[in-house]
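What follows is each chain in one-letter form.
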Amino acid sequence: MAYIPTGLISNILSRLPVKPLLRFRCVSKPWRDLIDDRHFIRSHINRSFESKNNLSVMLWYDDIYSLPFDSLNDAVTELDWPFKYSVDKTYFLGCCDGLVCLGIGNENAVIWNPATRKYRKLPVAPIEYPQGYVGEPEILFAIGYDSVADDYKVVKITSCDFSKYDSEVRVYSMKLDSWRRVGDIPRQHYIQWGYGRLNVFVCGSLHWMLGPEHSIVAFDMAAEEHRLLPGPECKNTWIPGELGGCLCIFDNYVGLRIEAWVMKDYGMKESWTRMFSIPHDCPLSFEMAVPLTYSKDGGKVLLLQDCEKFVWYDIEHQVREDIGTLGLLWEYFEAMMCVESLVPVEGGESDEKKQDGQEEEEAAAAKRIIH
């Protein structure tokens with residue numbers, strides 16, 4: 001058999017979906033080491049984002065579903081997430097590089113990789129209640145990536161009463177498997193709840209809308225500190241998002257239009273640029289739209305309209321096209337883009353026998369492909 005350089009093998013494998021890569025780990029020890037290498041995993045993620053391959057839309061309400069980005073008209077697939085049959089309610093709290101953060105009940109969180117079906121249940125982070133406080137606090141979890149430390153982290157924000165107390169902030173490190181408390185968020189900068197509580201991870205920071213003012217709180221994952229970002233010159237109802245690797249805002253002029261603003265130079269107020277405007281009568285009126293991603297050619301943007309359906313909006317021709325997704329049983333749902341990845345989540349609670357059987361199946365499948 002002719003010799004194939006390792007670099008060429010890596011280049012070829014980085015273009016494949018996660019499922020065959022998991023099988024190919026069983027081809028040989030060098031292939032397993034290559035596919036498990038953190039540089040390969042990062043290269044695979046970057047290539048997927050650049051090509052818009054290996055992407056899916058995650059949908060959730062009472063259940064969690066997945067829909068391939070390349071086949072939005074197909075039927076959704078119900079996922080078997082960790083603690084699915086727990087008596088505690090599950091909350092979808094965001095995703096980063098293929099890792100999904102789930103809330104289980106009020107205080108428990110899980111990091112889950114749907115592509116590899118592995119997960120890690122996080123230790124419960126303590127809460128330091130203010131003296132004299134009685135009640136149930138608002139708790140928010142979010143996941144992001146620290147590129148400096150090459151570490152995935154979960155941020156937990158606890159608000160006992162934003163009118164009286166600062167919000168407590170703790171950060172969980174996957175590398176250290178522990179929580180630490182960092183600087184609190186002042187009570188005058190409380191995070192907007194509702195749909196706005198769902199974070200946007202872009203440019204190394206998590207972002208949320210602030211309740212009392214038209215600005216954004218950004219939490220830097222490397223520095224583990226928050227700061228305020230200026231918003232664009234608009235004072236209506238904001239929906240945060242990410243488009244083309246940039247932080248974006250959908251500004252809703254109720255009954256008139258929705259304007260899409262993009263921060264082209266991160267952190268610079270003057271870089272906010274209005275990219276396009278969607279008339280509310282194009283062709284039917286709607287109340288809100290959540291930006292998900294651009295099409296592969298960049299000419300359209302995928303929207304979640306009124307938390308009821310997906311639509312493509314043609315930016316140049318100002319035309320909206322409904323997507324007839326099959327299997328949606330809810331009148332209301334939320335959605336977020338997610339990439340398939342090989343990012344490991346060691347430390348999860350799992351059935352060892354089931355894993356051994358799965359690896360044997362993957363090895364047999366790999367041999368059939370090779371021979």
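All values reported here derive from a predicted model rather than from experimental measurement. (Residues numbered from 1 in each chain as written. Predicted model: local features only at pLDDT ≥ 70, side-chain atom pairs only at ≥ 80, totals over all residues. Heavy atoms only, no water.)

Peer 1: Would you take a moment to explain the overall build of the chain for this structure?
Peer 2: Along its length, the chain carries five helices and 24 strands. Split into buried and exposed, the 371 residues of the chain put 49% on the buried side. Considering only contacts within the chain whose residues lie at least 6 apart along the sequence, 49% involve residues at least 24 apart. (Helix = DSSP H or I, 4+ residues; strand = E, 2+ residues; numbered from the N terminus. Buried < 20%, exposed > 50% of the residue type's maximum accessible area, 1.4 Å probe, protein only. Contact = heavy atoms within 4.5 Å.)

Peer 1: Just checking my understanding: could you explain the pattern of salt bridges for this structure?
Peer 2: According to the stated counting rule, one finds 21 salt bridges in the structure shown. Across the pair arginine 170 and glutamate 168 runs a salt bridge whose closest N-O atoms are separated by 2.8 Å. As a salt-bridge pair, arginine 180 and glutamate 224 come within 2.3 Å of each other at their nearest N and O atoms. Remark: glutamate 224 occurs in the loop between strand S14 (215-220) and strand S15 (225-230) and arginine 180 occurs in strand S11 (residues 178-185); sequence separation between them is 44 residues. Residue arginine 180 is classed as partly exposed on the basis of its relative accessible area, which comes to 46%. Residue class for glutamate 224 comes out buried when judged on its relative accessible area of 13%. Here the salt bridges do not stand alone but share partners, grouping Glu128, Glu168, Arg170, Arg181 and Asp184 into one network. (Salt bridge = Lys/Arg side-chain N within 4 Å of Asp/Glu carboxyl O.)

Peer 1: I tried to follow the confidence of the model for the chain on my own but got confused; where do I start?
Peer 2: Predicted coordinates in regions of low pLDDT should not be interpreted in detail. For the chain, mean pLDDT is 84; residues scoring 70 or higher make up 86% of the total. Counted against residues more than four places away or in other chains, residues 348-358, with its pLDDT under 50, gives 10 contacts. Considering only residues more than four positions removed or in separate chains, one finds that residues 365-371, a stretch of pLDDT under 50, has eight contacts. (pLDDT = per-residue confidence, 0-100.)

Peer 1: Could you clarify how one ought to interpret helix H4 (residues 38-51) in this entry?
Peer 2: Each turn of an α-helix holds 3.6 residues, which means side chains three or four residues apart point in the same direction. Between its first and last C-alpha atoms H4 spans 20 Å; for 14 residues at 1.5 Å apiece the expected length is 20 Å, and the two agree. Among all positions in H4, only Phe40, Ile41, His44, Ile45 and Ser48 are buried. Seen end-on, H4 carries its buried residues on one side only, within an arc spanning 140 degrees. The outward face of H4, more than 90 degrees from its buried face, is lined by the exposed residues Arg38, His39 and Glu50. Residues of H4 that are buried in the fold lie against helix H1 (6-13), helix H2 (18-24), helix H3 (29-36), strand S1 (55-60), strand S9 (151-159) and strand S24 (334-339). For H4, the side-chain oxygen to backbone nitrogen distance between the N-cap and histidine 39 is 2.9 Å, and the N-cap itself is aspartate 37. Two residues or fewer after H4 comes lysine 52, characterised by a positive phi angle close to 60 degrees. (Expected span 1.5 Å × (residues − 1). Arc of directions from axis to C-beta. Polar contact = N/O pair within 3.5 Å; in protein donor to acceptor, adjacent residues only side chain to side chain.)

Peer 1: In this structure, what is going on with the sheet that holds strand S18 (residues 257-263)? I would like to understand it.
Peer 2: Paired through their backbone hydrogen bonds, the strands of a sheet run either parallel or antiparallel. Spatially, S16-S17-S18-S19 is the arrangement adopted by the four strands of the open sheet, whose pairing is antiparallel. Either end of the sheet is taken by a strand with one partner, and the two such strands are strand S16 (237-243) and strand S19 (272-279). Strand-to-strand twist in this sheet, taken as the mean axis angle between neighbours without regard to direction, amounts to 25 degrees. As judged from the six bridges shared by strand S17 (residues 246-253) and S18, these two strands associate in the antiparallel manner. By the bridge assignment, tyrosine 253 is partnered in S18 with arginine 257. (Pairing = 2+ DSSP bridges. Axes fitted to C-alpha atoms, helices over the stretch in contact; angles between N-to-C directions.)

Peer 1: Is there a simple way to explain the packing of H1 against H3 in this structure?
Peer 2: The geometry of a pair of packed helices is captured by two quantities: the angle between their axes and the separation between those axes. At a closest axis distance of 11 Å, the pairing of H1 and H3 adopts a crossing angle of 60 degrees. Taken together, the axis directions place H1 and H3 in an arrangement best described as oblique. Crossing of H1 over H3 shows right-handed handedness. Seen from H1, the contacting residues are Ile9, Ser10 and Leu13; seen from H3, they are Trp31, Leu34 and Ile35. Residue classes in the contact of H1 with H3 are distributed as five nonpolar, one polar and no charged. (Parallel < 35°, antiparallel > 145°, perpendicular 65-115°, else oblique. Left-handed = near helix turned anticlockwise from the far one by under 90°. Nonpolar A, V, L, I, M, F, W, Y, C, P; charged D, E, K, R; others polar.)

Peer 1: Please clarify how the layout of surface pockets should be interpreted in this entry.
Peer 2: Where empty space is left can be seen by rolling a probe of water-molecule size over the atoms. In this structure, the second largest pocket occupies an estimated 920 Å³ of space. When contributions to the lining of the second largest pocket are tallied by element, the ones reaching two or more residues are H4, strand S4 (90-96), strand S12 (200-202), S16, strand S20 (289-294) and S24. Residues of the lining of the second largest pocket, tallied by class, amount to 23 nonpolar, nine polar and four charged. (1 Å grid on protein atoms, 1.4 Å probe; cavity = no way out; pocket = protein on both sides within 12 Å on 5 of 7 lines; lining within 4 Å. Points joined across faces, edges and corners; volume = space filled by probe spheres on them.)

Peer 1: Mind showing me how you'd approach the environment of phenylalanine 201 here?
Peer 2: In this fold, phenylalanine 201 is placed in strand S12. Residues phenylalanine 201 and leucine 247, 46 residues apart in the sequence, show an inter-C-alpha distance of 8.5 Å.

Peer 1: Looking at this structure, how should I read the side chain of aspartate 151?
Peer 2: Here aspartate 151 shows up in strand S9. Of the polar contacts made by the side chain of aspartate 151, one reaches the side chain of serine 173; its length is 2.5 Å. Not counting chain neighbours up to four residues away, the residues in contact with aspartate 151 comprise Gly144, Tyr145, Asp146, Ser173, Met174 and Lys175.

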